[in-house]
Amino acid sequence: QVQLVESGGGSVQAGGSLRLSCVVSGYAYSDGYCLGWFRQAPGKDHELVARIDRAGTTWYRDSVKDKFTISKDNAKRILYLQMNSLELEDTAMYYCAADIRGGGVCHVQRNPAEFGYWGQGTQVTVS
């Protein structure tokens, strides 16, 4: 079964940086996949922060596209989210999520329900 294990969260001062990692295991090679980072602030819904597909095409939420970078290491099977210039508004629980159905629809996926596998979450607190 596909498993995702996150790490890298913590507390950081405003303007600082963190790099989140998500180790993906149990995934067999297929014709496509969609990997994303979601976050949930207290009292808020999950929101898609960034997304990357098998080909490396990325998508960013407008509020983070100038400071966050999503990437993946295919050999190590790790998904990353480099977060720079962190602000108080970035405080949230961050989750990595995967859709391994393929089909070439990653470019339109933004809802949590479209991602079948989730990590446990890692807390990011900016002060």
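If you're wondering where the values come from, they're calculated on a predicted model, not measured in any experiment.

Our focus in this paragraph is the sheet that holds strand E7 (residues 68-73). Taken in spatial order, the four strands line up as E1-E3-E8-E7 in an open sheet, and their pairing is antiparallel. Each having just a single partner strand, strand E1 (3-7) and E7 make up the two edges of the open sheet. Ignoring strand direction, the axes of neighbouring strands in this sheet form an average angle of 15°. Bridging between strand E3 (residues 18-25) and strand E8 (residues 78-83) involves six bridges; their strand directions are antiparallel. Looking at the pairing, Leu 18 lines up with Met 83 of E8.

Applying the stated criterion to the full structure yields two disulfides. Each sulfur in the disulfide pair Cys 22 and Cys 96 lies 2.1 Å from the other. Here the disulfide of Cys 22 and Cys 96 is right-handed, its torsion about the S-S bond being about 65°. One end of the pair, Cys 22, is in strand E3; the other, Cys 96, is in strand E9 (residues 92-99), and 74 residues separate them in sequence. With a relative accessible area of 0%, Cys 22 lands in the buried category. Judged by its relative accessible area of 0%, Cys 96 falls in the buried class. Between the sulfur of Cys 34 and that of Cys 106 lies a disulfide, 2.0 Å long from S to S. A torsion of 65° about the S-S bond marks the disulfide between Cys 34 and Cys 106 as right-handed. Linking Cys 34 in strand E4 (residues 34-40) with Cys 106 in the loop between E9 and strand E10 (117-118), this pair joins segments that are 72 residues apart in sequence. Residue Cys 106 is classed as buried on the basis of its relative accessible area, which comes to 8%.

So, on to the pairing of E4. Consecutive side chains along a regular strand alternate between the two faces of the sheet. Extensive coverage of E4 is indicated by the burial of six of its seven residues. Examined bridge by bridge, E4 and strand E5 (residues 47-53) share six bridges and lie antiparallel to one another. If you follow Trp 37 over to E5, its bridge partner there is Ala 50. Here E4 folds back onto E5 in antiparallel fashion, the turn holding six residues, of which Gly 43 has a positive phi close to 75°.

Across all of its chains, the model carries seven salt bridges by this definition. Between Asp 62 and Lys 65 there is a salt bridge, with the nearest N and O atoms lying 3.0 Å from each other. What makes Asp 62 exposed here is its relative accessible area of 61%. A residue is classified by how much of its surface remains accessible, and Lys 65, at 49% relative accessible area, is partly exposed. Across the pair Glu 87 and Lys 67 runs a salt bridge, and its minimum N-O distance is 2.5 Å. Of this pair, Glu 87 sits in the loop between E8 and E9 while Lys 67 sits in the loop between strand E6 (58-60) and E7, and the two are 20 residues apart along the sequence. A residue is classified by how much of its surface remains accessible, and Glu 87, at 40% relative accessible area, is partly exposed. One network of salt bridges, in which partners are shared, links Arg 39, Glu 47, Arg 61, Lys 67, Glu 87 and Asp 90.

What counts, and where the lines are drawn
- Every chain is numbered independently, its residues counted from 1 as its sequence is written.
- Restriction of local features to residues with pLDDT of at least 70 applies here, the model being predicted, together with a cutoff of 80 or more for giving and counting side-chain atom pairs; totals for whole chains, interfaces and linings are based on all residues.
- Calculated side-chain values reflect all of the structure's heavy atoms, with hydrogen atoms and water omitted.
- DSSP calls a pair of strands paired once it identifies at least 2 bridges connecting them.
- Only runs of H or I of at least four residues qualify as helices and only runs of E of at least two qualify as strands under DSSP, and these elements are numbered from the N terminus.
- Helix axes are fitted to C-alpha atoms over the stretch in contact, other axes to C-alpha atoms as well, and angles between N-to-C directions run from 0 to 180 degrees.
- In this description, the term disulfide denotes a pair of cysteine sulfurs within 2.5 Å.
- Throughout, exposure labels follow a simple rule: accessible area from a 1.4 Å probe, protein chains only, divided by the maximum for the residue type, with under 20% read as buried, over 50% as exposed, and the rest as partly exposed.
- The salt bridge definition used is simple: a Lys or Arg side-chain nitrogen within 4 Å of an Asp or Glu carboxyl oxygen.

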